[in-house]
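Report on the structure
Single-letter residue listing:
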Amino acid sequence: MEKLIQNIQSNNHVTLSRVISKIENNESLGEDFFQEIHALTQDAIRIGITGPPGAGKSTLINEFISVCLNNQKSVGVVAVDPTSPFTGGALLGDRVRMNQFLWNDDVFIRSMGSHGDLGGLARKAQDVGDIMAASGKDIIIFETVGVGQGEHDVAKAVDITVVVLVPESGDEIQLMKAGLIEIADFFVVNKSDREGAGRLSQLLKNVLHTFAKKDKIEPPIMNTTASTGEGISELYLGLMSHFNHMNQNGYLNEKRLFRYRKRVQDIIRENLELAFWTSDRNKSLQESTIAVDSIQKSPYALAQLLLTEEGND
Ligand SMILES: Nc1nc2c(ncn2[C@@H]2O[C@H](COP(=O)(O)OP(=O)(O)OP(=O)(O)O)[C@@H](O)[C@H]2O)c(=O)[nH]1
Ligand SMILES: [Mg+2]
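Residues numbered from 1 in each chain as written. Chains lettered and ligands numbered in written order. Predicted model: local features only at pLDDT ≥ 70, side-chain atom pairs only at ≥ 80, totals over all residues. Heavy atoms only, no water.

**Regarding the packing of helix H2 (residues 13–24) against helix H6 (residues 121–134)**
For any two helices packed against each other, one specifies the crossing angle of their axes together with the interaxial distance. Defined as follows: Axis geometry follows a simple rule: fit a line to the C-alpha atoms, using only the stretch in contact for helices, then measure angles between N-to-C directions, giving values from 0 to 180 degrees. Here a strand is any run of E in DSSP of at least two residues, a helix any run of H or I of at least four, and the numbering for each starts at the N terminus. Should an angle fall under 35 degrees it is called roughly parallel, over 145 degrees roughly antiparallel, and 65 to 115 degrees roughly perpendicular, with every other angle called oblique. A crossing counts as left-handed when the near helix is turned anticlockwise from the far one by less than a right angle, and as right-handed when that turn is clockwise. In this analysis, two residues are considered to be in contact whenever any of their non-hydrogen atoms come within 4.5 Å of each other. All residues other than Ala, Val, Leu, Ile, Met, Phe, Trp, Tyr, Cys, Pro, Asp, Glu, Lys and Arg, Gly among them, are scored as polar; the first ten of these are nonpolar and the last four charged.
It is the contact of H2 with H6, at a shortest axis distance of 10 Å, that shows an interaxial angle of 165 degrees. Comparing the axis directions of H2 and H6 gives the class roughly antiparallel. In terms of crossing hand, the pair formed by H2 and H6 is right-handed. Seen from H2, the contacting residues are Leu 16, Val 19, Ile 20, Ile 23 and Glu 24; seen from H6, they are Lys 124, Asp 127, Val 128, Ile 131 and Met 132. A breakdown of the residues in the contact of H2 with H6 according to their chemical character gives seven nonpolar, no polar and three charged.

Written out as C-alpha cells, the structure is:
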C-alpha cells in the first residue's frame, strides 16, 4: 500500500492507469487507500466542461491544456461518456483529440465509459479525479456530454462548471429547459467563427440577468474558436480569476463542503443498495415480475415486501 501511494504521489503514470482501471472495475484498492490519499487531493482545481455533443469540448480542452502547460500548471483530464461502453484508451484517439500529450508527464488523460451501468459513474469519475490530484496535477478537467441527467452529477463534482455552447445552440427557452443555467458557473460560446455567436452571447447575457441569483456570482460569458485556439488564453485567465473570486467570497468552500457531503451520501446509498440486493431479493424481484400483465401488486407493495423480507445471500 505504501509503495502504491508513493508511486501515485511521484506521478508514475503506469501506476495511475492501473489504479484507475481498478476503480472502474470496482476492484478494491485496500480499505485505507482513500484515507491515505485524502490529504493529497485537496489542492487541485476541478473544472467541469460540459455541453452538447460536438460543441468542441475536446478541441477546447486540447488547446486549454497547452495554455495550462505554458503557465506551469499540470493537467489531468477525465473524459466521461455515459453513452459509451468503452473505456481506457479505446476512444482516446477519436473522442478526446489529445494524443499529442501522450508522453507528457504533466498531462494525464483518461476516458471513462459507463460499462452499461450508469450508477456509480459520477462517483468513480470523482475517485479518478482524486487519483490525478494525488499525483500532483494542478488542474483536473472533467469532460461530459450535457444531454441527459448524468451531467448534473458531474457538475456537482467540480469547483467550476463550464457550459460550452455553439451559435446553433438555440433559443432562450431551450437553454432554460436544458437546466444549463442552473449548473453553469461559466459560459463559453465556442465556434465563434460561425455566424450567430454574438447573438447567442447577448441572449445568454439577458437570460442570466433575469435569472440572477443572490447567492451565486453571475456566470461570465466568453467567446472562443477552439479549432484555431482563439480565446483560449483569455478563457484560462477568466477561469483562474473566477476561481480566485469564488475562493475569496467563500463560495468555493461552500461548494466543496456541499460536494463532500454529497459524496458521503452517494457512497452510503451505493453501499446500502449493494447490501440490499442479495441473490434472494434479486430472485424475489424476478419471480414476482414474470410478465407485466400478471403483476397484481403495485410497485410500492412489492418494494415494501422486499424491504421487509429476509434477504439471505
Ligand atoms: N468551426 C469550428 N469548428 C470547431 C471549433 N471547435 C471544434 N470544432 C470542430 O467541431 C467538431 C467536434 O469537436 P470535438 O472537440 O470533438 O467536440 P466535442 O464537444 O468534444 O464532441 P463530443 O465529445 O463527441 O461530444 C470537430 O470537427 C472540431 O474540429 C470551432 O471553434 N470552430
Ligand atoms: Mg469530446
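**Here we look at the side chain of Ser 74**
The criterion, for reference: As used in this structure description, the phrase polar contact means that two N or O atoms lie within 3.5 Å; if the pair is within protein, one of them must be able to donate a hydrogen and the other to accept it, and residues adjacent in sequence are counted only when both atoms belong to side chains.
Positionally, Ser 74 belongs in the loop between helix H4 (57–70) and strand S2 (75–81). At 3.3 Å, the side chain of Ser 74 forms a polar contact with the backbone oxygen of Gly 136. Contacts of Ser 74, omitting those with residues within four sequence positions, involve Asp 106, Gly 136, Lys 137, Asp 138 and Ile 139.

**A short note on the coordination of the magnesium ion (ligand 2)**
The textbook angles at a metal center are 109.5 degrees for a tetrahedron of four donors and 90 or 180 degrees for an octahedron of six. Formally: Because water is not among the atoms used, a metal site may look incomplete, as its donors are only the N, O and S atoms within 2.8 Å, or 3.2 Å for Na, K and Ca. Only protein chains enter the accessibility calculation, which uses a 1.4 Å probe; a residue whose area is less than 20% of its type maximum is buried, one above 50% is exposed, and one in between is partly exposed.
Donor atoms from the polypeptide that coordinate the magnesium ion (ligand 2) comprise Ser 58 (OG) and Glu 143 (OE), at 2.1 to 2.2 Å from the metal. Of this pair, Ser 58 sits in helix H4 while Glu 143 is found in strand S4 (residues 139–145), placing the two residues 85 residues apart along the sequence. With respect to burial, Ser 58 and Glu 143 carry one shared label: buried.

**Details of the sheet that holds strand S3 (residues 107–113)**
Convention followed: Should DSSP find at least two bridges between two strands, the strands are regarded as paired.
Read across the open sheet, the seven strands follow the order S3-S2-S4-S1-S5-S6-S7; overall the sheet is parallel. Looking at the sheet topology across the chains shown, the edges are occupied by S3 and strand S7 (221–223). The sheet shows a mean angle of 20 degrees between the axes of neighbouring strands, taken without regard to direction. In the sheet, strand S1 (residues 45–51) pairs with S4 via seven bridges, with the strands oriented parallel. Bridge assignment links Gly 48 to a residue of S4, and that residue is Phe 142.

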